[in-house]
Amino acid sequence: MTRFLTLLPFIFLLLTGRPGSFGQIIPDDDYLVRICDTAPGDCGYANLEGEPIIPPGKYAICFTDTFRTYAIVTIPETGFAAINRKEEILYEVFPFDNGPDYPSEGLFRIRIGNKIGFADEITGKVVIKPQFDCAWPFEEGVAKVSTDCWIQSYGEHVTWHSDKWYYIDKRGREVEGPIPVGGITVNETLDINIPSPLPVYLEQNDRIYITINDRVVADVRQRADTGSAENKFLARQLHALSKEKQLEFETLFLKSITDYTSKAHFYIGTFMLFFNELGRMDPVEIENELDIRVQFLGNDTYAAEFWEKERHERSPKVMVVLYKREPDGSITFQDPFQAAIDFLRK
């Protein structure tokens, strides 16, 4: 498959407008935009006049679509890295699932050497210097970290363990963590040290697996069809919005996609990169190149995952979309763009 970023026509504004994949707020006259050829890996950056500043093909993958102060790219033998406008490497970006760590509450994880820290998603500046051996993303203003931890493997998956977890705030200061429901104290919770549950994949003869497998390709193709009457209508609605409403739409869209990919446990950049591309693939091509696995996420929610049959060094999982089991037993496709569609249909 080619690695060319295309999205639904009614959200092209997000690719050329103000917010980038990592939430940068772009000034009107000083940023670079990602340019891509059709060949895999042929992406670079150009100025607003269309002049290539970083020629396509220099980096294996460019994750940031609007480049103000930093961009996240893939560099051979380094992995995911943040570069500045002089193309100097600022730091490595912590790898998560299918790509570089995605922002949580305005920060994403970085790595220098074997230590983990946090950087600001808007500026790329280091906010908490790398000093932890293990660090979870921020949730509700705090992140769980440890300077003394170990890794336990479960097949393709790994889990962090530590007897010395503690919480930090967004300045890196140690604080008291959230108290779980049920009155268990923080220290008691940390001492329990229960391994994270393993992913639960349905058997291929499971009724829900069969239902999702039979329709997931059609659902993705229908949403990604740029020539459909619905998508053409939505594109017209978007272009007719006032500037104020367009900004409101962009904010809503970015939040809804971030929420969606968070529920899917999937990196937002990879999702944006592949959704429309997957929708353009022929069903026979999908069958030959990809396996579909259905994971139960809890709360009657399921993730339909597309995995490359030949494992690549980066990751074999290229796309995740969500389904919900309704009270009547039916399975509903959770459209990742539903919030944006509802906004345009008002």
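Residues numbered from 1 in each chain as written. Predicted model: local features only at pLDDT ≥ 70, side-chain atom pairs only at ≥ 80, totals over all residues. Heavy atoms only, no water.

## Details of the sheet that holds strand S23 (residues 331–334)
Turning to step 1, where the next piece is worked out: With antiparallel pairing, the five strands of this open sheet are ordered in space as S19-S20-S21-S22-S23. Each having just a single partner strand, strand S19 (200–201) and S23 make up the two edges of the open sheet.
Turning to step 2, where the next piece is worked out: Set on the sheet, helix H3 (residues 207–224) makes contact with strand S20 (290–298), strand S21 (301–308), strand S22 (317–325) and S23; between it and S22 the angle comes to about 115 degrees.
Turning to step 3, where the next piece is worked out: Relative to S22, helix H5 (residues 243–263) is tilted by about 90 degrees, and along the sheet it contacts S20, S22 and S23. (Pairing = 2+ DSSP bridges. Helix = DSSP H or I, 4+ residues; strand = E, 2+ residues; numbered from the N terminus. Contact = heavy atoms within 4.5 Å. Axes fitted to C-alpha atoms, helices over the stretch in contact; angles between N-to-C directions.)

## Observations concerning helix H8 (residues 338–345)
Turning to step 1, where the next piece is worked out: Residues of H8 that are buried include every one of Ala340, Ile341, Phe343 and Leu344, and no others. Projected down its long axis, H8 shows its buried positions confined to an angular sector of 160 degrees, all on one face.
Turning to step 2, where the next piece is worked out: Residues of H8 that are buried make contact with H3, helix H4 (229–239) and H5. (Buried < 20%, exposed > 50% of the residue type's maximum accessible area, 1.4 Å probe, protein only. Arc of directions from axis to C-beta.)

## Some details on unusual backbone geometry
Turning to step 1, where the next piece is worked out: Although it is not a glycine, glutamate 105 sits at a positive phi angle of roughly 55 degrees.
Turning to step 2, where the next piece is worked out: Looking at where glutamate 105 falls in the secondary structure, it is placed in the loop between strand S9 (99–100) and strand S10 (107–112).
Turning to step 3, where the next piece is worked out: Here the phi dihedral of glutamate 140 falls at roughly 55 degrees; this positive angle occurs in a residue that is not glycine.
Turning to step 4, where the next piece is worked out: Topologically, glutamate 140 is positioned in the loop between strand S13 (134–135) and strand S14 (143–146).
Turning to step 5, where the next piece is worked out: The exposed category is assigned to glutamate 140, whose relative accessible area is 71%.

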